[in-house]
Amino acid sequence: MKKITVFFALIFSLTLISGCTSKPSESSDSSSAKETVASSEKIGEKASITLVDGDKELSKKQVSFEKGQSLFDVLKETYAVEDDNGMITSIDGHAQDEKNNKYWVFTINDEQVNSGAKDVTLKKDDRVVFKLEQF
């Protein structure tokens, strides 16, 4: 009788221990699924940003951004940007030249934009071109 009691106690203990170890692996699977969803939401939309100086293309990058994010914020995440109160003065070491009236201007989808990059919200598949242009 004592052997049967020990046998059932052993079976019960093993069942209890194995039950405890299987639950955390299930929760880690669901948490990794949640992390995958969160990271895919973070990627959001895509657009392209091209830098041009005269007729010379300096850089072209595909960028990912979250819906509602400003062009200025995406630009600062992607390039080394210097600004003066929101006015872009240099991108990746390519600076404006006030003596020669050369300034950064930009278009989105081939249309001239007359507001600052902080005031523009990027949209999916936008094609942004920053051009260092002489006036």
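Going by the annotation in an unreviewed UniProt entry, the name recorded for the protein chain is Transcobalamin-like C-terminal domain-containing protein, with Enterococcus gilvus ATCC BAA-350 given as the source organism.

Undergrad: Account for the overall build of the protein chain, with residues named and values stated.
TA: Along the backbone of the protein chain there are two helices and eight strands. Its helices and strands taken in sequence order, the protein chain reads α-β-β-α-β-β-β-β-β-β from the N to the C terminus. Looking at the protein chain as a whole, 26% of its 135 residues qualify as buried. Of all intrachain contacts in the protein chain linking residues separated by at least 6 positions in sequence, the fraction that spans at least 24 positions is 48%. Summing over all exposed atoms, the protein chain offers an accessible surface of approximately 9600 Å²; the carbon and sulfur share of this is 53%.

Undergrad: Which residues make up the nonpolar core, and what are the values?
TA: Core analysis: the biggest nonpolar cluster contains 23 residues, and Ile49, Leu71, Ile88, Phe106 and Phe130 have the highest contact counts within it. Where this core is concerned, the elements lending two or more residues are β1 (45-53), β2 (56-65), α2 (71-78), β4 (87-91), β6 (102-108) and β8 (127-134). The greatest single-element share of this core, amounting to four residues, is contributed by α2.

Undergrad: Account for α2, naming residues and giving values.
TA: Along α2, the positions that sit buried rather than exposed are Leu71, Phe72, Val74 and Leu75. For α2, the angular spread of buried residues about the axis comes to 165°, placing them on one side. Structurally, α2 contributes buried residues whose contacts are with β1, β2, β3 (81-84), β4, β6 and β8.

Undergrad: Hey, could you go over the confidence of the model for the protein chain for me, with residue numbers and the actual values?
TA: Confidence in the prediction for the protein chain averages 80 pLDDT; 68% of positions are at 70 or higher. Taken element by element, the predicted model of the protein chain shows its lowest mean pLDDT in helix α1 (residues 2-43) (49) and its highest in β1 (97). Predicted confidence is poor over residues 22-42, with pLDDT under 50, and the contacts of this stretch with residues over four places away or in other chains come to one contact.

Cut-offs and rules
Residues numbered from 1 in each chain as written. Predicted model: local features only at pLDDT ≥ 70, side-chain atom pairs only at ≥ 80, totals over all residues. Heavy atoms only, no water. Helix = DSSP H or I, 4+ residues; strand = E, 2+ residues; numbered from the N terminus. Buried < 20%, exposed > 50% of the residue type's maximum accessible area, 1.4 Å probe, protein only. Contact = heavy atoms within 4.5 Å. Areas by Shrake-Rupley, 256 points an atom, 1.4 Å probe, with all protein chains shown as cover. Core = buried A, V, L, I, M, F, W, Y, C linked by side-chain atoms within 4.5 Å. Arc of directions from axis to C-beta. pLDDT = per-residue confidence, 0-100.

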